[in-house]
Amino acid sequence: MSIAQGNMETMAARLAFLERGEITPDFVPQSDEELMVALGSWEWRIFSGALYKITTKGDDEADDIPDIAVPFRPNEAQRLLLSNLNERNIILKARQMGFSTLIEIMALDHAMFNADQEVVVIAHTKPAATKLYRKKVCFAYDNLTAVVREAVPFTERSQTQLVFANGSSIEVTSSARGGTPHFLHISEMGKIAAKYPDKATEITTGSLQGVPKNGLVFIESTAEGKAGAFYDMSQRAEAKHKAKVPIQPTDYRFHFFAWWADSGYRINPEGIPISAKEHEYFDKVEVEMDCVLDLDQRAWYINKRDNDFANTPDLMWREYPSTPDECWQASNEGKYYAVAMSRTRMQQRIGNYPMVKHVPVNSFWDLGASDSTAIWLHQRIGAMDRWVKYYEDNNKGYLDFILWMETHGCVWGEHFLPHDAEQSRQHVNAVTDAVTQMRSIRPSWTWRVVDRIQNVQHGIALVNQEFDQYEFDEEGCKEGIAHLEAYTRGWNNTLQWWTDQPRHDEHSHCADAFRQKAQGYTPPNQAPSLRNRKQRRRATGLTA
């Protein structure tokens, strides 16, 4: 037998071996024929590093920096995700872990190797969508070997879409859309929900509803505060995950990837001081997350926080969270009280701060005529303002709220109503204004109407000025704390920036009631502040 005949028989045997499906990600094709067979294995395509190329971890750099192609091989965190997929997946993550890259590779792969599939990627802005398309989708396709591109050619190519000869397409967009996507990736859903709540609603009621039962959905993002569609969906998915209940294909599987899941986040601890309190923090993370944080990892975290987030250390919670709960505590753009609330958590002024007996309890109200009425209960303990209870409900008369207050068996102090109380209407007892109603229901209580302020921004500033003397009972004020952390400015779609006015949403009532304290309360044995005297002199029609 000749050498040529022997080589042909060896190749034939090798191809027969491949055609039986007995290939692994470490298989290296020796010919175009072998490559064509290997392409039939999804695991080989994704895991081998021989098919797709991506840019380096610096692919968030400016567009004028040349792209550097490297083989794509899933990292440790990406492999964990791939081993635990459901048809629908929510991914809460730290930054720079490569999940958007992984999912774009999967999206391109799905369109190339499955006929008649509609693949859609939704990003939070048009520039972000363009970058995903150019630097991830097109880059990976253009860097395929010629034989693969010839085997899976495109028939149309635009600035946002690739259409393949097999009838499948992949489109990247920044707007919600209809259709029936078989593979849907929503990138940075937290940012979409925070800045574009209407778009988030369109996505949840439109794009997501169009995915067939056996379709694939990936919703990934860093956190953007305790509000919005991404927060709500993540909370439901995490609750099922914690309960360890079986999930259906239409349920969202919860995936959380902390900074410590990336083995690259570690440095030599020499010269990096770590305090006893910081070690206590890491120890708590180890217990909660059932992980081990060695000294190199702890040093990396402290070094990263102190160098990159020296002025806003709370942003570490959003960018590099250690636990799922920590994600939602981060301060973020547009949130009025986010920095103050983060500082309050760091200083452990949210915790077990129950109502103190025999200390007068004050109440601060926001009155709803056709929507919610909100009440905060407050005590002055030494030099601190203690918030002990929060309650909110709608379509109820004032008597219902007063009866709720009386269930606590308090010694009452003063009760503060907003400046528009005399104009508010609730159809209870046919009384013409709120003050009259309150006084008629509980004539022995002290009711006060808070003076007008020139604008709501001034009131918010007053709250922030005295926030360091606030402490919150975590159990009694849980709902109120969440509302304060989510209270945000409106968003101007035209200018792409935050407006000067608060967004009127489900968090407004809580924040409006909370603001009455800074605007109208004077501690016992203290003269009214200069700011209050000025407010009364300067009141105008342009007030909040």
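Keep in mind that this is a model prediction, so the values were computed, not measured. (Residues numbered from 1 in each chain as written. Predicted model: local features only at pLDDT ≥ 70, side-chain atom pairs only at ≥ 80, totals over all residues. Heavy atoms only, no water.)

Colleague: How would you summarise the overall build of the protein if you had to cite specific residues and measurements?
Modeller: Within the protein, the secondary structure is distributed over 21 helices and 19 strands. Put simply, 69% of the contacts in the protein that link residues at least 6 apart link residues at least 24 apart. Accessible surface for the protein amounts to roughly 25,500 Å². Of this, 50% is attributable to carbon and sulfur atoms. (Helix = DSSP H or I, 4+ residues; strand = E, 2+ residues; numbered from the N terminus. Contact = heavy atoms within 4.5 Å. Areas by Shrake-Rupley, 256 points an atom, 1.4 Å probe, with all protein chains shown as cover.)

Colleague: Please give an account of the packing of helix α19 (residues 478-486) against helix α20 (residues 508-520) that cites residues and values.
Modeller: Between α19 and α20, the shortest axis-to-axis distance is 8 Å and the interhelical angle comes to 95°. By the angle class used here, α19 and α20 are roughly perpendicular. Contacts between α19 and α20 involve Gly480, His483 and Leu484 on the former and, on the latter, Cys510, Ala511 and Phe514. Among the residues making up the contact of α19 with α20, the classes are represented as 4 nonpolar, 2 polar and no charged. (Axes fitted to C-alpha atoms, helices over the stretch in contact; angles between N-to-C directions. Parallel < 35°, antiparallel > 145°, perpendicular 65-115°, else oblique. Nonpolar A, V, L, I, M, F, W, Y, C, P; charged D, E, K, R; others polar.)

Colleague: Go over the sheet that holds strand β3 (residues 88-93) with me, naming the residues and quoting the values.
Modeller: Pairing is mixed across the open sheet formed by 8 strands, whose spatial order is β5-β6-β7-β4-β8-β9-β3-β10. Every other strand in the sheet has two partners, leaving β5 (154-157) and β10 (252-257) as the edge strands with one partner each. Averaged over all adjacent pairs, the angle separating strand axes in this sheet is 15°, with direction ignored. The sheet contacts of helix α5 (residues 99-113) involve β3, β4 (118-122), β6 (161-164), β7 (169-173), β8 (183-187), β9 (216-221) and β10, and relative to β8 the element is tilted by about 160°. (Pairing = 2+ DSSP bridges.)

Colleague: Summarise helix α17 (residues 434-441); cite the residues concerned and give the values.
Modeller: Every buried residue belonging to α17 is among Ala434, Val435, Gln437, Met438 and Ile441, and all of these are buried. Taken end-on, α17 shows its buried residues confined to a sector of 160°, consistent with a single buried face. Residues of α17 that are buried sit in contact with β12 (361-366), α16 (398-406), β15 (412-417) and β16 (446-449). (Buried < 20%, exposed > 50% of the residue type's maximum accessible area, 1.4 Å probe, protein only. Arc of directions from axis to C-beta.)

Colleague: An account of helix α6 (residues 126-142) is requested, with residue identities and associated values reported.
Modeller: Residue Tyr133 marks the point of greatest curvature in α6, where the axis turns by about 30°. Every buried residue belonging to α6 is among Ala128, Ala129, Leu132, Tyr133, Lys135, Lys136, Val137, Cys138, Phe139, Ala140 and Tyr141, and all of these are buried. The N-cap of α6, judged by a side-chain oxygen 3.1 Å from the amide nitrogen of Ala128 a few residues on, is Thr125. (Bend = angle between axes of the 7 residues up to and from the residue. Polar contact = N/O pair within 3.5 Å; in protein donor to acceptor, adjacent residues only side chain to side chain.)

Colleague: Kindly report on the packing of helix α18 (residues 456-466) against α20, identifying the contributing residues and their values.
Modeller: Following both chains from N to C, one finds α18 and α20 inclined at 80°, their axes separated by 9 Å at the closest point. Classified by the angle between their axes, α18 and α20 sit roughly perpendicular to one another. Counted together, Val456, Gly459, Ile460, Leu462, Val463 and Glu466 of α18 and Phe514, Arg515, Lys517, Ala518 and Gln519 of α20 form the full contact between these two elements.

Colleague: An account of the packing of aromatic side chains is requested, with residue identities and associated values reported.
Modeller: Taken as a whole and assessed by the stated rule, the structure comprises 40 aromatic pairs. With centroids separated by 4.5 Å and ring planes inclined at 40°, the aromatic side chains of Phe99 and Phe257 adopt a geometry described as tilted. Placement of Phe99 in helix α5 and of Phe257 in strand β10 is noted, with a sequence separation of 158 residues between them. Just as Phe99 is buried, Phe257 falls in that class too. The residue whose ring lies beneath Arg45 is Phe113, and the NZ or CZ to ring-centre distance is 4.2 Å. (Phe/Tyr/Trp six-rings, centres within 6.5 Å; stacked < 30°, edge-to-face > 60°. Lys NZ or Arg CZ within 6 Å of the ring centre and 35° of its normal.)

Colleague: I'd love a proper account of the nonpolar core, names of residues and values included.
Modeller: Counting 65 residues, the largest nonpolar core has Tyr52, Met112, Phe164 and Trp259 as its most contacted members. Among the elements that take part in this core, α5 stands out by supplying 9 residues, more than any other. In this structure Tyr52 touches Arg45, Ile46, Val70, Pro71, Phe72, Ile105, Leu108, Asp109, Met112, Phe113, Ala140 and Leu144, once residues within four positions along its chain are discounted. Listed in part, the 29 residues of the second largest apolar core include Tyr336, Val450, Val463 and Tyr521. (Core = buried A, V, L, I, M, F, W, Y, C linked by side-chain atoms within 4.5 Å.)

Colleague: So what's going on with the pairing of strand β13 (residues 372-381)? Residues and values would help.
Modeller: With 8 of 10 residues buried, β13 lies mostly within the body of the structure. Inspection of the sheet shows β12 paired to β13 by 5 bridges, in the antiparallel sense. Residue pairing in the sheet places Phe364 in a bridge with Trp376 of β13. Relative to strand β14 (residues 384-394), β13 is paired through 10 bridges, and the arrangement is antiparallel. Bridged to Trp376 within β14 is Tyr390. As consecutive antiparallel partners, β13 and β14 are separated by 2 residues, and within that stretch Gly382 has a phi angle of approximately 65°, a positive value.

Colleague: So what's going on with unusual backbone geometry? Which residues, and what values?
Modeller: Here Asp116, not a glycine, exhibits a phi torsion of approximately 60°, which is positive. In the Ramachandran plot, Gln348 falls in the positive-phi region, its phi being about 55° despite a non-glycine side chain. Residue position: Gln348 is located in the loop between α15 (338-346) and β11 (350-351).

Colleague: Describe the sheet that holds β15, naming the residues involved and giving the relevant values.
Modeller: Reading across the sheet, the 7 strands line up as β11-β17-β14-β13-β12-β15-β16 and stay open at both edges, with mixed pairing between neighbours. Both outer strands of the open sheet, β11 and β16, are each paired with one neighbouring strand and no more. As paired elements, β12 and β15 share 3 bridges and run parallel to each other. Considered in β15, the bridge of Ser363 is made with His415. Here α19 sits on the sheet and contacts β11, β13, β14 and β17 (470-473); the angle it forms with β14, its principal contact strand, is near 90°.

Colleague: Describe the pattern of salt bridges, and please don't skip the residues or the numbers.
Modeller: Counted according to the given criterion, the structure contains 26 salt bridges. Here Glu286 ties to Arg298 by a salt bridge, and the two come within 3.3 Å at their closest N and O atoms. Taken as a pair, Glu286 in helix α11 (residues 276-289) and Arg298 in helix α12 (residues 295-308) lie far apart in primary sequence, 12 residues in all. Judged by relative accessible area, Arg298 falls into the buried class, the value being 7%. Salt-bridge contacts for Arg343 lead to Asp468; the nearest nitrogen and oxygen are separated by 2.8 Å. With a gap of 125 residues between them, Arg343 in helix α15 and Asp468 in the loop between α18 and β17 connect regions that are remote in the sequence. The class of Arg343 is partly exposed, set by a relative accessible area of 28%. In the salt-bridge network here, residues are joined through shared partners; they are Lys93, Glu188, Lys191 and Glu220. (Salt bridge = Lys/Arg side-chain N within 4 Å of Asp/Glu carboxyl O.)

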